[in-house]
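Chain by chain, the residues run as shown.
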Amino acid sequence: MLSTCMPADACWPNSTAWAALNASTSGALALPGTPAFANASAMKYPNWQFAEGHKSSPSALPSYALLVRGVADVQAAVRFAAERNVRLAIKSTGHTYTGRSTAAGSLLLYLHEMRDVQQHDAFDDGCGGASGPPAVSVQPGVDFGTLYPAVDKRGLVVVGGGGFTVGSAGGYLAG
């Protein structure tokens with residue numbers, strides 16, 4: 001099994017490759033040192049042992065952050081990372097006490113802006129049509145503070161966390 005390519009390795013994508021990824025995602029690639037990168041890579045609630053979060057552990061930071069705007073951005077990033085053996089990190093709201101939403105030398109997919117909520121009259125299990133109870137589909141940037149009121153309007157309940165700023169289908173669930 002091959003290890004992932006890291007920034008100091010000869011296999012690391014060159015600036016032209018990163019520029020192509022940026023172009024294919026409408027300029028959504030954030031570079032270290034920019035406000036967008038700092039926002040994307042910051043932990044919302046860092047490990048209490050390290051109150052400064054990543055500031056005290058810069059080795060845990062990704063190399064680039066992609067500010068994902070939709071499914072096409074995710075697809076482009078996954079293809080890019082697979083073709084070049086670059087590690088991916090996935091983050092939605094950044095609620096992590098262990099820093100698992102970022103990874104050193106990675107391409108971070110920041111999914112926070114994917115906030116679509118779709119409610120369905122019946123659940124389609126994929127085995128012959130929609131016939132189950134009502135259901136909801138959420139993108140990874142939807143937090144419980146958004147989801148609970150949305151389903152409550154229809155008299156439905158979603159079982160989830162108590163923190164309203166925690167992602168309802170976030171990075172941890174996304175892998």
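In the block above lies the structure referred to throughout.
If you're wondering where the values come from, they're calculated on a predicted model, not measured in any experiment. Residue positions within a chain follow its written sequence, with the count starting from 1. Restriction of local features to residues with pLDDT of at least 70 applies here, the model being predicted, together with a cutoff of 80 or more for giving and counting side-chain atom pairs; totals for whole chains, interfaces and linings are based on all residues. The side-chain figures draw on all heavy atoms in the structure; neither hydrogens nor water molecules are used.

Undergrad: I'd like a rundown of the overall build of the protein chain, residues and numbers included.
TA: A tally of regular secondary structure across the protein chain gives five helices and six strands. In the protein chain, the order of α-helices and β-strands from amino to carboxyl end is α-β-α-β-α-β-β-β-β-α-α. Burial classes: relative accessible area under 20% of the type maximum marks a residue as buried, over 50% as exposed, and values in between as partly exposed (1.4 Å probe, protein chains only). Counting all 175 residues of the protein chain, 36% fall into the buried class. Nonlocal contacts in the protein chain, meaning residues at least 24 apart in sequence, comprise 59% of its contacts between residues at least 6 apart. Only DSSP runs of H or I with at least four residues qualify as helices, and only runs of E with at least two residues qualify as strands; both kinds are numbered from the N terminus onward. It only takes one pair of heavy atoms within 4.5 Å for two residues to be counted as in contact.

Undergrad: Describe in detail the packing of helix α1 (residues 15–24) against helix α3 (residues 71–84), supporting the description with residues and values.
TA: Remark: α1 packs on α3, axes separated minimally by 10 Å, with the N-to-C direction vectors making an angle of 160 degrees. Overall, the two elements α1 and α3 adopt an arrangement that is roughly antiparallel. In the packing of α1 onto α3, the handedness of the crossing is right-handed. On α3, the residues that touch A17, W18, L21 and S24 of α1 are A76, A77, F80 and R84. A class-by-class count of the residues in the contact of α1 with α3 yields six nonpolar, one polar and one charged. Note on definitions: angles span 0 to 180 degrees between N-to-C directions of axes, and those axes are lines fitted to C-alpha atoms, for helices only across the stretch in contact. Oblique is the label for any angle not covered by the other classes, which are roughly parallel (under 35 degrees), roughly antiparallel (over 145) and roughly perpendicular (65 to 115). Helix crossings are classified by the rotation of the near helix relative to the far one: an anticlockwise turn of less than a right angle makes the crossing left-handed, while a clockwise turn makes it right-handed. For this scheme, ten residues count as nonpolar: Ala, Val, Leu, Ile, Met, Phe, Trp, Tyr, Cys and Pro. Four count as charged, namely Asp, Glu, Lys and Arg, and the remainder, Gly too, count as polar.

Undergrad: With reference to specific residues and values, describe the state of the cysteines.
TA: Such a bond, covalent and formed between the sulfur atoms of two cysteines, is termed a disulfide. The disulfide criterion used throughout: a pair of cysteine sulfur atoms within 2.5 Å. Under the definition given, this model contains one disulfide. Disulfide pairing places C5 opposite C11 at an S-S distance of 2.1 Å. Between C5 and C11 the sulfur-sulfur dihedral comes to about 120 degrees; the bridge is accordingly right-handed. Relative accessible area serves as the criterion here: at 47%, C11 is assigned to the partly exposed category.

Undergrad: So what's going on with the packing of aromatic side chains? Which residues, and what values?
TA: Stacked, edge-to-face and tilted are the three classes for Phe, Tyr and Trp ring pairs, Trp counted by its six-membered ring, which pair at centre distances within 6.5 Å; planes under 30 degrees apart are stacked, over 60 edge-to-face, the rest tilted. By the definition in use, this model includes five aromatic pairs. Aromatic side chains W12 and W18 sit 5.5 Å apart centroid to centroid with 40 degrees between the ring planes, which places their arrangement in the tilted category.

Undergrad: Tell me what's going on with the side chain of H112, and back it up with residues and numbers.
TA: Residue position: H112 is located in the loop between β4 (107–110) and β5 (117–120). For H112, a relative accessible area of 13% gives the class buried. What qualifies as a polar contact is a pair of N or O atoms within 3.5 Å, subject to a donor-acceptor requirement within protein and to the restriction that residues adjacent in sequence count only when both atoms come from side chains. Reaching out from H112, the side chain makes a polar contact with the backbone oxygen of S92 at a distance of 3.3 Å. When sequence neighbours within four positions are dropped, the list of residues in contact with H112 reads K91, S92, T93 and G141.

Undergrad: Before we move on, could you go through the pairing of strand β3 (residues 88–91) and cite the residues and values that matter?
TA: Residue alternation in β3 divides its side chains into a buried set, A89 and K91, and an unburied set, L88 and I90. Pairing between two strands is assigned when DSSP locates at least 2 bridges connecting them. With four bridges joining them, β3 and β4 adopt parallel strand pairing. In the sheet register, K91 faces β4, and the bridge partner there is Y110.

Undergrad: Lay out the sheet that holds strand β2 (residues 64–67) in plain terms, naming residues and giving numbers.
TA: Backbone hydrogen bonds are what pair the strands of a sheet, in a parallel or an antiparallel way. Strand order in this open sheet of four strands is β1-β2-β4-β3, and the pairing throughout is mixed. The open sheet is flanked by β1 (29–30) and β3, the only strands paired with a single partner. Taken together, the four bridges between β2 and β4 define a ladder with parallel strand orientation. Bridge assignment links L67 to a residue of β4, and that residue is Y110. This element, α3, spans β2, β3 and β4 of the sheet and lies at about 165 degrees to β4.

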